[in-house]
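The residues making up each chain are set out below.
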Amino acid sequence: MSAAPIGDVVIVGGGTAGWMTAAALSRLQKGGRTRIRLIESDDIGTVGVGEATIPPISQFNGLLGIDENDFLSKTQGTFKLGIEFEGWTRPGHSYMHPFGSYGHDAEGIRFYQLWLRGRAEGRIPDLGEFCLSEAAAYLHRFLPPSRDPRDVLSSLAYAYHFDAGLYAAYLRRHAEAAGVRRTEGKVVDVALRGEDGFVRSVTLASGEVVEGDLFVDCSGFRGLLIEGAMEAGFEDWRHWLPCDRAVAVPSARTEPLLPYTRSTAREAGWQWRIPLQHRTGNGLVYCSDHLSAEDAEQTLLANLEGQPLGEPRHLRFTTGRRKEAWVGNVVAIGLSAGFLEPLESTSIHLIQSGIHKLLALFPDSRFAEIERTEYNRLMALQFEQVRDFLILHYHRTERDGAFWRYLREMEVPESLRRRIELFASKGRIFRHEDELFGEDNWLAVLWGQGVRPEGYDPLADTLSKEAVGKLLAGTHRAIQSTAPQLPAHAAYIERHCAARPHPPETSS
Amino acid sequence: MTSGLRTERIAVLGETWEGWLCAAFLARLLGRMTQVVVVPTPQDAGAPPALASLPSMRGLHDAMGLDEHDLARACEGTFRLGTLHEREAGRSFVVPFGAPGPSLEGAAFHQHWLRLKVQGDEGGFEPHWLGAVLARSGRFLPQAEVEGLPLPEYGLHLSGAAYAKFMQRAALHYGAKRAARLAQALPGNDDRIDALRLEDGADLRADLYLDCTGTAPDAAAGWHDAGAAPALAWSEDSTQPNLSATRMRLEEDAEDILIPLAGRSIRLRSGGPGGEGRLGWQARSWRGNLVAIGAAACRLPPLEMPQMRIAQIGIEALRGLLPNGADQRVEREEFNRVTSEAYARLADFQRLHRILAGRAAQPAPDDPLARKIEQFESRGRVVTYDGESFDQDSHLAVMLGHGLMPRRYDPLTETVPAGEARSRLKQHRRAVLRAAETAQDQGEVARILHAPRRRSAGGGR
Ligand SMILES: Cc1cc2nc3c(=O)[nH]c(=O)nc-3n(C[C@H](O)[C@H](O)[C@H](O)COP(=O)(O)OP(=O)(O)OC[C@H]3O[C@@H](n4cnc5c(N)ncnc54)[C@H](O)[C@@H]3O)c2cc1C
């Protein structure tokens, strides 16, 4: 005998997390027994940032049946082939963390092992020149990958940049069309059920009481339900990732239109640059122990490429995760579940992954403990894996100054220590099951941050020197001759997904 | 950066099937640069009369340039589509390889069946699974087009002695050498072997030593003990019920296994006292410069025939972590971490069978198996971890097979109207039936495969 299905799902919050959740859960309504309702307050804005993504976002859009060109034209979107890290390893240095793969394996031996061998034996081009996404990025070119695995173009991978407000509005239209009901109003009170401490209802400023069976807390950093009502607790990771503030400002679009995000290391943090069709998003993420808000704002404004468009906005955050993202009948998704700084643009992915897991473990009216604990376990794991990847960027640096010295010298999590050691020995990288970042991602950042293996996998020596030389040269030629033939990023957008001249006002 | 391979010689201790397998693999892999020497030892275990592989073993055979049809031909082989588990009262279930069907609307294939089942109007799951239908009916479908169905995967049933001989030939062909018998291993510093003294008086030095003797040092430090080993009784049997499945029966305190080879079957009864040594595995199967692979590293009961898989785990881990020269610390640590994890998962899979059959204690709450069982019972979610030998589909087959019926199903299935789901499953079953009808009887396949061959210009099959 099955328990009754969930009747009313109430989503509190209409930022990126709220609308992504609403759009994805809307399909549950097809069963005819579940209703989805979203509450958002016009008084309380959304965080308004969060404009760069990673490749799995296309799966989310695919699940929703979203057409890429339509979506990009309505969110001022652009393509993203990777992230350029400027000055992270040391001042003056820069590297790209491209999406997509490096070369291709031969005889079951990883391409990067062959490259390491080639490098040990003579002068060969830099690693990045063997990655089509990187080559195209630096030439400001773009074309979606081919599906034919024999074509070099199949090695390309990409994500998007978009306007956060327009993205939420886009998903809102999608969700409302699928029958999600939206209510404007500020939640002023939360009522708990006496028998089990579950949330019974939320009360809006208008006096309206909204009851529900399942509440999804998408209320942002404040965690209105998960912390405010359920007191889930927070695991603070500032000792590994000490940045706790940001200041953001848009600026005028500049040419050429870059198909990648740029992250520039600064004295006590780093600055992002996200190119959109109508403007560039900028922000400085920093640590308040080392930099004042005024100095941060000045640093940001002094380092813009185009005219600032508007006043800088200041944000505060604490890096870490909610100890339990699901308590009782409240599931936190988005900033309410935890925060990892946007260095690798992972927050929106963590929203997507939270939604995906909620769907996979969707409760019924009995709220089995086992679904809740499983959800919490999986989300904790996901947060920790991303956390390790971020720490790597900060930890392996030669930069000077108190902020960077602390990061270089701190003790890192055991899981990360082991990874660095394996790479430092023979350039070996192993991916864990379910892990978001794969071998090529780790390779880009380990190598980019200056970790140099002492040797390489001895298996690479099983190919003859000539064979390795030929393979490297052939791959290099294929990539370097293909990249310049791709259309310019701006031209591709113009042809396929240009935004209408007057973008509608964003909803926040 | 250091370059160039500095592993000049690898010594494989043990002229066993595992020893020759390792030697063949490494000689083929490292061919030009590293000498591979097999050293017989007094402890060498004999080859078991029969072996069985999982589909994943094909990757290893491929890497050695060995075609599994040739292997089957040389080793009295048959194609193994799964395991047929016989239970009491004439009931049985199949654990096939490969997936049953594609996911639909974001929910796994079996969830759609489960939904209708929970709602009370659906038959068993097996008719939806081509691999299971083929395994039960003794058929084989090597590579046909099967409209929209996942292609069934297969392993092999092999004669152990013939496999050992085959691997010996392959190893020698790829340049491995056989040395005189071991008299004594000469210890060096830090757990390391300095050299092997051979019976002909020579000393053999290598950069790396593999223990493939097939005998595990009982209760050595770091031994993860899993109880006394059961007695094993092998016999030959002329019954050949079904060439496509290993037949397995869990009895009160024994396992009765029938492995079909071409032309005869091998029966293995495992259970009762009188077994040799202990079951379990080495948490550190790589110590110093000696790496234990196969039964020297891990010994488990014969349920689901894990022997080849155990050897495969060690070989694949070593392949990913080949050391270079004397400093092997990083490789050793990682090897020990991944292999002991893999052995534990394999042992868990066997334990899962026993728990569900009511022959082992329920797992404690913090046991990784508890999560697998709870998650499945609750909503039919199949959970696996890093280092699994058997994938989610195999877990699904085992849990459903033992009658563990989830209480609920994935609500995403409800986005498909029930009528449509019912008709899609019906279509799927029909497709399975049609595909099974086009499949060959494996008796026929074996007859052709093992027919005495006349040399033809083209050779091969
Ligand atoms: C500096 C910075 C840069 C970032 N960059 C990136 C990036 O590049 N890529 C990326 O993936 N992510 C990035 N993120 C994260 C990303 O912005 C968020 O993950 C994403 O916007 C989701 O936010 P949210 O919807 O959880 O919260 P919010 O946007 O804060 O939305 C909260 C919602 O809750 C509602 N609400 C709150 N309280 C009440 C109440 N009492 N009653 C009714 N409604 C209420 C509000 O009205 C609002 O609709 C960045 C974050 C920061 C801080």
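A quick note: this is a predicted structure, and the numbers were derived from the prediction, not measured.

Student: Where do I start with the interface of chain B and chain A in this structure?
Tutor: When the parts come together, some accessible area is lost, and that loss is often what is quoted as the size of the interface. Each side of the interface is counted separately: chain B has 41 residues, and chain A has 46 residues. Regarding the contact of chain B and chain A, the summed buried area is about 3700 Å², with carbon and sulfur atoms giving 47% of it. If you look at where chain B meets chain A, you find eleven salt bridges. For Glu421 of chain A, the salt bridge goes to Arg329 of chain B, with nearest N and O atoms at 3.3 Å. If you look at where chain B meets chain A, you find 18 residue pairs in polar contact (both at pLDDT 80 or more).

Student: Could you clarify how one ought to interpret the pattern of salt bridges in this entry?
Tutor: Pairing between side chains of opposite charge can happen when the charged atoms of each approach one another. Summed over the entire model, instances satisfying the criterion amount to 74 salt bridges over all chains. Here Asp8 of chain A ties to Arg35 of chain A by a salt bridge, and the two come within 2.9 Å at their closest N and O atoms. Separated by 27 residues along the polypeptide, Asp8 of chain A in strand S1 (residues 8–12) and Arg35 of chain A in strand S2 (residues 35–40) bring together distant segments of the chain. On the basis of relative accessibility, which here comes to 45%, the residue Arg35 of chain A falls in the partly exposed class. Here the salt bridges do not stand alone but share partners, grouping Glu86, Asp237, Arg247, Arg249, Glu251, Asp256, Arg267 and Arg269 of chain B into one network.

Student: Explain the packing of helix H1 (residues 17–30) of chain B against helix H7 (residues 307–320) of chain B to me, please; I cannot follow it from the model alone.
Tutor: All names here are of chain B. Running from N to C, H1 and H7 point in directions that differ by 30 degrees, and their axes come no closer than 11 Å. By the angle between their axes, H1 is roughly parallel relative to H7. Between H1 and H7 the crossing geometry is right-handed. Contacts between H1 and H7 pair Trp17, Glu18, Leu21, Cys22, Phe25, Leu26 and Leu29 from the former with Gln307, Met308, Ala311, Ile315, Leu318 and Arg319 from the latter. When the residues that make up the contact of H1 with H7 are grouped by side-chain class, the tally is ten nonpolar, one polar and two charged.

Student: Help me understand H1 of chain B in this model?
Tutor: Helical geometry note: an α-helix holds 3.6 residues per turn, so side chains three or four residues apart project in the same direction. Along its 14 residues, H1 of chain B runs 20 Å from first to last C-alpha, staying within 8% of the 20 Å computed at 1.5 Å per residue. Where burial is concerned, most of H1 of chain B is hidden: 13 out of the 14 residues are buried.

Student: Where do I start with helix H11 (residues 418–438) of chain B in this structure?
Tutor: Between its first and last C-alpha atoms H11 of chain B spans 31 Å; for 21 residues at 1.5 Å apiece the expected length is 30 Å, and the two agree. Elements that come into contact with the buried residues of H11 of chain B comprise helix H4 (109–118), helix H5 (130–137) and strand S7 (139–140) of chain B.

Student: What is the right way to read the sheet that holds strand S14 (residues 261–266) of chain A from this model?
Tutor: Backbone-to-backbone hydrogen bonds pair the strands of a sheet. The strands run either parallel or antiparallel. Residues and elements named next belong to chain A. Across the sheet, which stays open at both edges, the seven strands sit in the order S5-S4-S14-S15-S16-S13-S17 with mixed pairing between neighbours. Whereas interior strands pair on both sides, the edge strands pair on one side only; in this sheet they are strand S5 (94–98) and strand S17 (313–316). If you compare each strand with its neighbour and ignore which way they point, the axes differ by 20 degrees on average. In the sheet, strand S13 (residues 245–252) pairs with S17 via four bridges, with the strands oriented antiparallel. What sits directly across from Ala246, in S17, is Leu315.

Student: Got a minute to help me understand the packing of aromatic side chains in this structure?
Tutor: Aromatic ring pairs: the centre-centre distance and the angle between the two ring planes describe each pair. Scanning all chains against the criterion turns up 39 aromatic pairs over all chains. Where Phe111 of chain A meets Phe130 of chain A, the ring centres are 5.3 Å apart and the plane angle is 50 degrees; that geometry is what we call tilted. Placement of Phe111 of chain A in helix H4 (residues 111–121) and of Phe130 of chain A in the loop between H4 and helix H5 (132–138) is noted, with a sequence separation of 19 residues between them. Across this residue pair, the class does not change: Phe111 of chain A and Phe130 of chain A are buried. Centre to centre, the rings of Phe79 of chain B and Tyr154 of chain B are 5.3 Å apart; their planes meet at 85 degrees, and the pair counts as edge-to-face. On the criterion of sequence distance, the pair formed by Phe79 of chain B in strand S4 (residues 78–80) and Tyr154 of chain B in the loop between S7 and strand S8 (155–159) is long-range, its members being 75 residues apart. There is no split in this pair, since Phe79 of chain B and Tyr154 of chain B are both buried.

Reading the values: rules and limits
Residues numbered from 1 in each chain as written. Chains lettered and ligands numbered in written order. Predicted model: local features only at pLDDT ≥ 70, side-chain atom pairs only at ≥ 80, totals over all residues. Heavy atoms only, no water. Contact = heavy atoms within 4.5 Å. Buried area = accessible area lost by both parts, 1.4 Å probe. Salt bridge = Lys/Arg side-chain N within 4 Å of Asp/Glu carboxyl O. Polar contact = N/O pair within 3.5 Å; in protein donor to acceptor, adjacent residues only side chain to side chain. Helix = DSSP H or I, 4+ residues; strand = E, 2+ residues; numbered from the N terminus. Buried < 20%, exposed > 50% of the residue type's maximum accessible area, 1.4 Å probe, protein only. Axes fitted to C-alpha atoms, helices over the stretch in contact; angles between N-to-C directions. Parallel < 35°, antiparallel > 145°, perpendicular 65-115°, else oblique. Left-handed = near helix turned anticlockwise from the far one by under 90°. Nonpolar A, V, L, I, M, F, W, Y, C, P; charged D, E, K, R; others polar. Expected span 1.5 Å × (residues − 1). Pairing = 2+ DSSP bridges. Phe/Tyr/Trp six-rings, centres within 6.5 Å; stacked < 30°, edge-to-face > 60°.

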